[in-house]
Amino acid sequence: MTDDADDLRPGAVRSTFVEPEIYYAGLAAAYVTAGALITDPAGRVLLVKPNYRDHWLLPGGAADDNEAPEAACARELEEEIGLALDVGPLLVVAWQPARAERFRPTVSFVFDAGILAGPERIRLQEDELDDHGFFAPEQAAARLGPIAARIPAALHARETRTPVYLPHA
C-alpha cells in the first residue's frame, strides 16, 4: 500500500500510492437506467406497461456493462417498442438510493426522443411488455408510481432546454 511503510522516522515522506484495482474497487457503484420522453402531437406521453411491475414506465431500461446511457436508451427503444428513434438531449438525471432488493443506488437518465406522429408503428416486445399508451402528463405521472416526478421534470426540461436533477426520484 505504501512504499515506505517501515520508514517511520520523523519527517520521512510516506507514499500514498494505491494500486488502481484497489482504488477503483473502493469507489461507489450504481446501476444505470435510461428512458425516453416520447410524446404524440397532442403532447401526451408514451408509457409502457411491463409485465414484471405494478406500475407503468417510460420506454427504456437498464444499461449493459460499459454501455453509455444514450446508447442504452436507443437500444432499449428498438427492443421494447420496435422503433429506431434518435435519442436527443438529456432531460433528467434521477438518483435513487439502494433498497432491500437492489443493493446499489440507481442513476437514471431521461432523454428526449421527440414527437411520434405515427404511433401505429409501435411493436411491443411481448416478452416484457403487456401494453402501451399515450397519456396526458398528469395521467402519465400518476401511472409511474414512485418515479412520477420524472414526467413534469422531463417536460419542463424539454421546454427550457435545461436538464433537471431529481434526487430520490
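The residue numbers shown here count from 1 along each chain, following its written sequence. Reporting of local features is limited, given that this is a predicted model, to residues whose pLDDT is at least 70; pairs of side-chain atoms are given and counted only at 80 or more, and all residues count toward the totals for whole chains, interfaces and linings. Side-chain figures throughout are based on the complete set of non-hydrogen atoms in the structure, without hydrogens or water.

1. Looking at the side chain of Arg-75
Move 1: Numbering goes from the N terminus for both helices and strands, where a helix is a DSSP run of H or I of at least four residues and a strand is a run of E of at least two. Note on placement: Arg-75 falls in helix α2 (residues 69-81).
Move 2: For the purposes of these results, a polar contact is taken to be a pair of N or O atoms within 3.5 Å, where, inside protein, one atom must be able to donate a hydrogen and its partner to accept one; residues adjacent in sequence count only when each atom of the pair is a side-chain atom. Side-chain polar atoms of Arg-75 contact the side chain of Glu-67, separated by 2.8 Å.
Move 3: For this analysis, residues touch if any pair of their heavy atoms sits within 4.5 Å. In this view, Arg-75 contacts Ala-62, Ala-63, Asp-64 and Glu-67; residues no more than four positions away in its chain are not counted.

2. Some points on the packing of aromatic side chains
Move 1: Any two of the Phe, Tyr and Trp rings considered here, Trp counted by its six-membered ring, make a pair once their centres fall within 6.5 Å; the pair's planes then place it as stacked at under 30 degrees, edge-to-face at over 60, or tilted in between. Summed over all chains, the structure comprises four aromatic pairs.
Move 2: Both rings, one in Trp-56 and one in Phe-135, keep their centres 5.2 Å apart while their planes meet at 80 degrees; by these two values the pair is edge-to-face. In this pair, Trp-56 is assigned in the loop between β2 (45-50) and β3 (60-62) and Phe-135 in strand β6 (residues 129-135), connecting sequence segments 79 residues apart.
Move 3: A ring is considered to have a charge above it if a Lys NZ or an Arg CZ atom is located within 6 Å of its centre and within 35 degrees of its normal. In this arrangement the basic side chain of Arg-104 is found over the ring face of Tyr-31, its NZ or CZ atom lying 5.7 Å from the centre.
Move 4: When the ring centre of Trp-56 is taken as reference, the NZ or CZ atom of Arg-143 above it lies at 5.1 Å.

3. Points about helix α4 (residues 150-160)
Move 1: Those residues of α4 that fall on the buried side of the exposure criterion are Arg-150, Ile-151, Ala-153, Ala-154 and Ala-157. Looking straight down α4, one finds that the buried residues subtend no more than 165 degrees of arc, so they occupy a single side.
Move 2: Taken together, the buried residues of α4 touch β1 (31-39), β2, β4 (90-96), β5 (106-115), α3 (137-143) and β7 (164-167).
Move 3: Positive phi appears at Arg-161, one or two residues downstream of α4, with a value of about 60 degrees. Relative accessibility decides the category of a residue: with a 1.4 Å probe and only protein chains considered, values under 20% of the type maximum give buried, values over 50% give exposed, and everything between is partly exposed. The directions considered for the arc are those from the helix axis to the C-beta atoms.

4. Some thoughts on the pairing of β5
Move 1: Of all the 10 residues making up β5, seven are buried; the element is thus mostly covered by neighbouring parts of the structure.
Move 2: Only strands joined by at least two bridges in the DSSP assignment are considered to pair. Across six bridges, β4 lies against β5 in antiparallel orientation. Residue pairing for β5: Leu-90 is matched across the bridge by Phe-111.

5. Observations concerning the confidence of the model for the chain
Move 1: Looking at the chain as a whole, its pLDDT mean stands at 91, while 91% of the residues score no less than 70.
Move 2: Long-range and interchain partners of residues 1-5, a stretch whose pLDDT sits below 50, account for eight contacts in this model, where long-range means more than four residues apart. A residue's pLDDT is the confidence the predictor assigns to it, expressed on a 0 to 100 scale.

6. Some remarks on the pairing of β1
Move 1: Relative to β5, β1 is paired through eight bridges, and the arrangement is parallel. What sits directly across from Thr-33, in β5, is Ser-108.
Move 2: As paired elements, β1 and β3 share three bridges and run antiparallel to each other. Bridge assignment links Thr-33 to a residue of β3, and that residue is Ala-62.

7. Considering unusual backbone geometry
Move 1: Not every positive phi belongs to a glycine, and Asn-66 is a case in point at roughly 65 degrees.
Move 2: Checked against the element boundaries, Asn-66 lands in the loop between β3 and α2.
Move 3: Located in the positive-phi region is Arg-161, a residue other than glycine, with phi close to 60 degrees.
Move 4: Along the chain, Arg-161 turns up in the loop between α4 and β7.

8. Observations regarding the environment of Ala-169
Move 1: Within the fold, Ala-169 resides in the segment after β7.
Move 2: Between the C-alpha atoms of Ala-169 and Tyr-52, which are 117 residues apart in sequence, the distance is 20 Å.
Move 3: Residues contacting Ala-169, with those up to four places away along its chain left out, are Ala-94, Trp-95, Gln-96, Ile-147, Ala-149 and Arg-150.

9. Side note on the pattern of salt bridges
A side chain with one charge may pair with a side chain of the opposite charge, provided their charged atoms come close.
Move 1: Every case where a carboxyl oxygen of Asp or Glu lies within 4 Å of a side-chain nitrogen of Lys or Arg is listed as a salt bridge. This model, assessed by the stated rule, comprises seven salt bridges.
Move 2: Of the charged contacts in the structure, one is a salt bridge between Arg-99 and Glu-101, with a shortest N-O distance of 2.2 Å.
Move 3: Overall, Arg-99 belongs to the partly exposed group, its relative accessible area being 41%.
Move 4: Of the residues examined, Glu-101 reaches a relative accessible area of 59% and is grouped as exposed.
Move 5: Put simply, Asp-64, Glu-67, Arg-75, Glu-76 and Glu-79 are held in one network by salt bridges that share partners.

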